[in-house]
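Observations on chain architecture
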Amino acid sequence: MGPERYQPFFYGPEGRLVQVEYALEAVSRGSTTVGIRTDSFAIVASHVRPPRELVDPFDKIFEIDEHSGATGSGYISDMLRLVDELRLEAQQYKLTMDTPIDMYTLAKRLGQFIHEFTLYAVRLPAASIILAGADQRGVHLYQVDPSGTFSRGSAFAVGKNADKAVDFIVKSYRKDLSFDEAKKLVDQAVETAIAEKPLLQYGYVNIDTRSFVKQK
Amino acid sequence: MTTIVGIKTKEGVVLASDKRASKGFFIASKDAKKIYQIDTRTAAAIAGQVSDAEYLVNLVRAQKKLMQLERGFELSVFEITKLISNAAYYGLRSYAPFLAEFIVAGVDSEPRIYSTDVSGAISPEVFTSSGSGSPIAYGVLESSYNDSLTLDEAKNIADKAVRAAMQRDPGSGDGVEIITIPLGGGQA
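Scoring rules and cut-offs
Residues numbered from 1 in each chain as written. Chains lettered and ligands numbered in written order. Predicted model: local features only at pLDDT ≥ 70, side-chain atom pairs only at ≥ 80, totals over all residues. Helix = DSSP H or I, 4+ residues; strand = E, 2+ residues; numbered from the N terminus. Rg over C-alpha atoms; globule rule 2.2 N^0.38 Å. Buried ≥ 20, exposed ≤ 12 C-beta atoms within 10 Å, placed from the backbone. Contact = placed C-beta atoms within 7 Å. Pairing = 2+ DSSP bridges. Axes fitted to C-alpha atoms, helices over the stretch in contact; angles between N-to-C directions. Nonpolar A, V, L, I, M, F, W, Y, C, P; charged D, E, K, R; others polar.

**What about the overall build of chain A?**
Each helix and strand in chain A was counted, giving 5 helices and 10 strands. Compactness check: chain A gives a C-alpha radius of gyration of 18 Å against a globular reference of 17 Å for 216 residues, within 12% of the reference. With the principal axes as the frame, chain A shows a C-alpha extent of 65 × 45 × 40 Å. A burial count over chain A gives 45% of its 216 residues as buried. Nonlocal contacts in chain A, meaning residues at least 24 apart in sequence, comprise 68% of its contacts between residues at least 6 apart.

Structure below.
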């Protein structure tokens, strides 16, 4: 029993959470997924890798409540568990407050749920979630990571070559993007990231209807 | 015992109450406080068991504060009312009911009045009254209310309604307290 058997499980030598790093590494191998928002709408899109013949592609856009939806990248089973949690939080909030959960609270509750995993010697959910929704305060886009960190913003990308997709969107983003322009931007961003024609699934949020719609 | 009244106008909301607290046939206080400020733009008038009502007001103030800090923006008047009614409902369902009724009045995107009861039911109202004097107050409200009242006119009607109840209801008396919350909040 040499000392090398006691590798640090939580923190690495630089003070980073080893498990989080590994989970993020797993996410960065997932399918490229992006989200973009303006004041009047939000679009989320996820690339679905074509499965082999005779297998249906997996549904990657998830309705959370009428006003919110999610997509993400990473292990699909982990993502499904997180989506279940989001749906549960949304309904619990609605039951006590009789109003739809606001997007900040929704993102935070998911962050808190994931954070619990970082405290114990368990496997973290290896999935990053992109959340889109409309509430009393407008249209919001959030990214929630395996560390439990969540951030609000106007463009996010997770999965394979996410940095390339983000770079592409950052270069052409404007606050007054029309819906069609934004959708085109999303398509191009993913295409740039994966260097091939993507097969995308979409979800939309609209400020006027305050509803999340899955395409098709 | 008690008479409380709430009226909604396009300019804001009015809450009025009498000042009598009774212990059976005995007047326990001639200067009872029945209108509680929940925040700068929401207030509640209470009828029924004072201790229960006060406990619920304090509970809701605390819950409201915590929720506001958590989600980062104010609760609507309806959401505040819902917090009261949640506690009332669970009280009833666990055989330990809160014996109080509330008129919650406030202004968020527009003026709002809600009434809640022991069962936790919420009803949005344009004018409402509660307490032993309410049948008498309703006589004044039903004959005087219209939907184009100014805040000052509504204040006068609320005053009249409570005073009428004080004349004929032995559970109500000893003066009137009135507050108004105009559009934009803050007490006038």
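On we go.
**So, the sheet that holds strand E5 (residues 127-135) of chain A**
Residues and elements named next belong to chain A. Judged by pairing direction, the sheet is antiparallel, and its 5 strands sit side by side in the order E3-E4-E5-E6-E7 without closing on themselves. Every other strand in the sheet has two partners, leaving strand E3 (62-65) and strand E7 (150-152) as the edge strands with one partner each. Looking at each pair of strands side by side, their axes are set apart by 25° on average, direction ignored. The strands touched by helix H2 (residues 76-97) are E3, strand E4 (68-74) and E5; relative to E4, the strand with the most contacts, the crossing angle is about 160°.

**Concerning the interface of chain B and chain A**
Facing the 7 residues of chain B at the interface are 8 residues of chain A. At the level of elements, helix H1 (50-71) and helix H2 (77-93) of chain B are the ones that each hand at least two residues to the side of chain B that touches chain A. Looking at the side of chain B that touches chain A residue by residue, the classes come out as 1 nonpolar, 2 polar and 4 charged.

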